Amino acid sequence: MNNRLLNMKYFKYILILFFMTGCANVSSNKEDIKATIIALEKQALELWNTGNPDGFIKLSSDDIVYFDPAFENKLEGKKALEEYYNGMRGKIKIDSYKMIKPIVQLSSDTAVLLYDYEAYRDGQVFKMHCTEVYKHTSSNQWKIIHTHWSFVLPK
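Parameters at a glance
Residues numbered from 1 in each chain as written. Predicted model: local features only at pLDDT ≥ 70, side-chain atom pairs only at ≥ 80, totals over all residues. Heavy atoms only, no water. Helix = DSSP H or I, 4+ residues; strand = E, 2+ residues; numbered from the N terminus. Buried < 20%, exposed > 50% of the residue type's maximum accessible area, 1.4 Å probe, protein only. Contact = heavy atoms within 4.5 Å. Areas by Shrake-Rupley, 256 points an atom, 1.4 Å probe, with all protein chains shown as cover. Lys, Arg positive; Asp, Glu negative; His and termini not counted. Salt bridge = Lys/Arg side-chain N within 4 Å of Asp/Glu carboxyl O. Polar contact = N/O pair within 3.5 Å; in protein donor to acceptor, adjacent residues only side chain to side chain. Core = buried A, V, L, I, M, F, W, Y, C linked by side-chain atoms within 4.5 Å. Pairing = 2+ DSSP bridges. Axes fitted to C-alpha atoms, helices over the stretch in contact; angles between N-to-C directions. Phe/Tyr/Trp six-rings, centres within 6.5 Å; stacked < 30°, edge-to-face > 60°. pLDDT = per-residue confidence, 0-100.

S.K.: Got a sec to walk through the overall build of the chain? Specific residues and values, please.
M.R.: The helix and strand tally for the chain stands at three helices and six strands. Listed N to C, the secondary structure of the chain is α-α-β-β-α-β-β-β-β in terms of helices and strands. The buried share among the 155 residues of the chain stands at 29%. Pairs at least 24 residues apart make up 47% of the contacts formed inside the chain by residues separated by at least 6 positions. Total accessible area on the chain stands at roughly 10,500 Å², and carbon and sulfur atoms take up 57% of it.

Structure follows, in C-alpha coordinates:
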(Lines give C-alpha, C1' and ligand atoms only; values in the text may rest on other atoms or scores of the structure.)
Protein backbone atom coordinates (compact mmCIF):
# COMPACT_ATOMS: atom_id res chain seq x y z
CA MET A 1 0.00 0.00 0.00
CA ASN A 2 1.48 3.34 -0.92
CA ASN A 3 2.01 6.06 1.69
CA ARG A 4 -0.73 8.30 0.35
CA LEU A 5 -3.41 5.61 0.71
CA LEU A 6 -2.07 4.67 4.13
CA ASN A 7 -2.18 8.32 5.24
CA MET A 8 -5.76 8.69 3.93
CA LYS A 9 -6.80 5.57 5.81
CA TYR A 10 -5.35 6.87 9.08
CA PHE A 11 -6.72 10.34 8.42
CA LYS A 12 -10.20 8.84 8.10
CA TYR A 13 -9.84 7.03 11.43
CA ILE A 14 -8.49 10.14 13.12
CA LEU A 15 -11.39 12.18 11.72
CA ILE A 16 -13.93 9.64 12.98
CA LEU A 17 -12.25 9.59 16.39
CA PHE A 18 -12.19 13.40 16.48
CA PHE A 19 -15.92 13.66 15.78
CA MET A 20 -16.78 10.90 18.23
CA THR A 21 -14.73 12.58 20.94
CA GLY A 22 -16.23 15.97 20.14
CA CYS A 23 -19.74 14.59 20.44
CA ALA A 24 -18.89 12.93 23.73
CA ASN A 25 -17.56 16.22 25.06
CA VAL A 26 -20.69 18.09 24.04
CA SER A 27 -22.84 15.42 25.66
CA SER A 28 -20.82 15.39 28.88
CA ASN A 29 -20.81 19.19 28.88
CA LYS A 30 -24.63 19.16 28.75
CA GLU A 31 -24.71 16.67 31.60
CA ASP A 32 -22.29 18.88 33.57
CA ILE A 33 -24.54 21.90 33.05
CA LYS A 34 -27.61 19.93 34.14
CA ALA A 35 -25.80 18.74 37.27
CA THR A 36 -24.66 22.31 37.99
CA ILE A 37 -28.20 23.71 37.73
CA ILE A 38 -29.59 21.04 40.06
CA ALA A 39 -26.72 21.59 42.52
CA LEU A 40 -27.30 25.37 42.56
CA GLU A 41 -30.99 24.84 43.26
CA LYS A 42 -30.31 22.30 46.01
CA GLN A 43 -27.82 24.64 47.71
CA ALA A 44 -30.40 27.43 47.69
CA LEU A 45 -33.12 25.07 48.99
CA GLU A 46 -30.88 23.90 51.83
CA LEU A 47 -30.57 27.52 53.01
CA TRP A 48 -34.24 28.29 52.35
CA ASN A 49 -35.33 25.34 54.48
CA THR A 50 -33.54 26.90 57.48
CA GLY A 51 -35.18 30.29 56.97
CA ASN A 52 -32.33 31.82 54.97
CA PRO A 53 -33.32 33.16 51.53
CA ASP A 54 -29.80 34.33 50.62
CA GLY A 55 -29.15 31.38 48.27
CA PHE A 56 -32.11 32.30 46.08
CA ILE A 57 -31.40 36.02 46.35
CA LYS A 58 -27.84 35.44 45.15
CA LEU A 59 -29.03 33.24 42.27
CA SER A 60 -31.70 35.70 41.10
CA SER A 61 -31.05 38.07 38.21
CA ASP A 62 -31.89 41.76 38.51
CA ASP A 63 -34.83 41.32 36.12
CA ILE A 64 -36.31 38.17 37.67
CA VAL A 65 -40.05 37.53 37.39
CA TYR A 66 -41.55 35.50 40.24
CA PHE A 67 -44.92 33.72 40.29
CA ASP A 68 -46.32 32.27 43.50
CA PRO A 69 -49.85 31.01 44.23
CA ALA A 70 -49.78 33.12 47.41
CA PHE A 71 -49.77 36.30 45.29
CA GLU A 72 -52.48 37.86 43.20
CA ASN A 73 -49.81 39.31 40.87
CA LYS A 74 -46.30 38.39 39.90
CA LEU A 75 -43.25 40.03 41.48
CA GLU A 76 -40.96 41.82 39.07
CA GLY A 77 -37.30 42.51 39.74
CA LYS A 78 -34.76 41.37 42.29
CA LYS A 79 -35.52 44.24 44.67
CA ALA A 80 -39.20 43.23 44.99
CA LEU A 81 -38.24 39.57 45.41
CA GLU A 82 -35.62 40.42 48.01
CA GLU A 83 -38.16 42.45 50.01
CA TYR A 84 -40.56 39.51 49.96
CA TYR A 85 -37.86 37.02 50.92
CA ASN A 86 -36.52 39.23 53.72
CA GLY A 87 -40.02 39.34 55.21
CA MET A 88 -39.84 35.54 55.48
CA ARG A 89 -36.28 35.42 56.81
CA GLY A 90 -36.05 33.17 59.86
CA LYS A 91 -39.71 32.12 59.65
CA ILE A 92 -39.29 28.94 57.59
CA LYS A 93 -38.18 25.70 59.18
CA ILE A 94 -38.34 22.54 57.10
CA ASP A 95 -37.34 19.24 58.76
CA SER A 96 -36.56 17.55 55.44
CA TYR A 97 -37.42 17.90 51.77
CA LYS A 98 -37.32 16.07 48.47
CA MET A 99 -36.59 17.46 45.04
CA ILE A 100 -38.52 14.89 43.01
CA LYS A 101 -37.48 13.93 39.49
CA PRO A 102 -35.67 17.15 38.53
CA ILE A 103 -35.46 17.72 34.78
CA VAL A 104 -33.19 20.29 33.15
CA GLN A 105 -33.93 21.32 29.57
CA LEU A 106 -31.14 23.19 27.79
CA SER A 107 -31.18 25.67 24.94
CA SER A 108 -28.04 27.69 24.16
CA ASP A 109 -27.60 29.99 27.18
CA THR A 110 -30.83 29.00 28.95
CA ALA A 111 -31.67 26.12 31.28
CA VAL A 112 -35.17 25.29 32.48
CA LEU A 113 -35.34 23.33 35.72
CA LEU A 114 -38.61 21.55 36.57
CA TYR A 115 -39.24 19.50 39.67
CA ASP A 116 -41.76 18.56 42.31
CA TYR A 117 -40.95 19.71 45.83
CA GLU A 118 -42.06 17.99 49.02
CA ALA A 119 -41.33 19.66 52.34
CA TYR A 120 -41.81 17.90 55.67
CA ARG A 121 -42.40 19.72 58.94
CA ASP A 122 -43.87 18.47 62.20
CA GLY A 123 -45.21 15.32 60.55
CA GLN A 124 -46.96 17.18 57.73
CA VAL A 125 -46.09 17.31 54.05
CA PHE A 126 -46.37 20.33 51.77
CA LYS A 127 -46.23 19.68 47.99
CA MET A 128 -45.47 22.13 45.18
CA HIS A 129 -44.41 22.15 41.53
CA CYS A 130 -41.49 24.39 40.64
CA THR A 131 -40.17 25.78 37.38
CA GLU A 132 -36.97 27.83 37.36
CA VAL A 133 -35.53 29.42 34.23
CA TYR A 134 -31.79 29.98 34.48
CA LYS A 135 -29.77 32.14 32.08
CA HIS A 136 -26.02 31.87 31.59
CA THR A 137 -24.51 35.34 32.02
CA SER A 138 -21.53 37.01 30.40
CA SER A 139 -19.74 36.64 33.77
CA ASN A 140 -20.04 32.83 33.40
CA GLN A 141 -22.72 32.43 36.08
CA TRP A 142 -26.16 30.87 36.02
CA LYS A 143 -28.87 33.27 37.24
CA ILE A 144 -32.59 32.67 37.75
CA ILE A 145 -34.66 34.92 35.47
CA HIS A 146 -38.04 33.29 36.12
CA THR A 147 -39.56 31.31 38.99
CA HIS A 148 -42.99 29.73 39.04
CA TRP A 149 -44.40 27.84 42.01
CA SER A 150 -47.78 26.09 41.94
CA PHE A 151 -49.69 23.85 44.32
CA VAL A 152 -49.98 20.11 43.79
CA LEU A 153 -53.68 19.34 43.84
CA PRO A 154 -54.67 16.70 46.39
CA LYS A 155 -55.78 13.34 45.00
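Back to the text.
S.K.: An account of the side chain of Glu-132 is requested, with residue identities and associated values reported.
M.R.: With respect to the element layout, Glu-132 can be found in strand β5 (residues 124-136). Buried charge Glu-132 goes without a salt bridge, the closest partner of opposite sign being Lys-143 at 13 Å. At 2.4 Å, the side chain of Glu-132 forms a polar contact with the side chain of Thr-147. With residues up to four places along the chain from it excluded, the contact list for Glu-132 reads Glu-41, Phe-56, Ala-111, Val-112, Leu-113, Ile-144, His-146 and Thr-147.

S.K.: Please set out the nonpolar core residue by residue, giving values where relevant.
M.R.: Of all hydrophobic cores here, the largest spans 30 residues; its most connected members are Ile-37, Tyr-115, Tyr-117 and Tyr-134. Elements with a minimum of two residues in this core: α1 (3-48), α2 (54-59), β1 (60-67), α3 (78-88), β3 (96-107), β4 (110-121), β5 and β6 (142-151). With six residues, α1 is the single largest residue contributor to this core.

S.K.: Residues and numbers for the pairing of β4, please.
M.R.: Successive side chains on a regular strand alternate, one facing one side of the sheet and the next facing the other. Strand direction decides the pairing type here: β3 and β4, joined by ten bridges, are antiparallel. Note that in β4 the partner of Val-104 across the bridge is Leu-113. Hairpin geometry of β3 and β4 is characterised by an intervening segment of two residues between the two adjacent antiparallel strands and by a positive phi of about 45 degrees at Ser-108. Strand direction decides the pairing type here: β4 and β5, joined by twelve bridges, are antiparallel. Looking at β5, one finds that Tyr-115 is bridged to Cys-130. The loop that links β4 with its antiparallel partner β5 comprises two residues; one of these, Asp-122, has a positive phi angle of about 50 degrees.

S.K.: Go over the sheet that holds β4 with me, naming the residues and quoting the values.
M.R.: The six strands lie next to each other as β2-β1-β6-β5-β4-β3, forming an open sheet whose pairing is mixed. This sheet does not close on itself; its edge strands, each paired only once, are β2 (75-76) and β3. In the packing of α3 onto the sheet, the strands contacted are β1 and β2, and the crossing angle to β1 comes to about 65 degrees.

S.K.: An account of the packing of aromatic side chains is needed here, citing residue identities and associated values.
M.R.: Scanning the entire structure with this criterion turns up eleven aromatic pairs. Seen from their ring centres, Tyr-66 and Tyr-84 are 5.9 Å apart, and the 50 degrees between their planes marks the pair as tilted. Remark: Tyr-84 occurs in helix α3 and Tyr-66 occurs in strand β1; sequence separation between them is 18 residues. A relative accessible area of 3% means that Tyr-66 is categorised as buried. In this structure an aromatic cluster arises from ring pairing among Trp-48, Phe-56, Tyr-66, Phe-71, Tyr-84 and Tyr-85.

S.K.: Explain the confidence of the model for the chain to me, using residue names and the numbers behind them.
M.R.: The predicted model of the chain has a mean per-residue pLDDT of 87, with 82% of residues at 70 or higher. For the stretch residues 5-26, pLDDT sits under 50, and the model shows one contact to residues farther than four places along the chain or on other chains.

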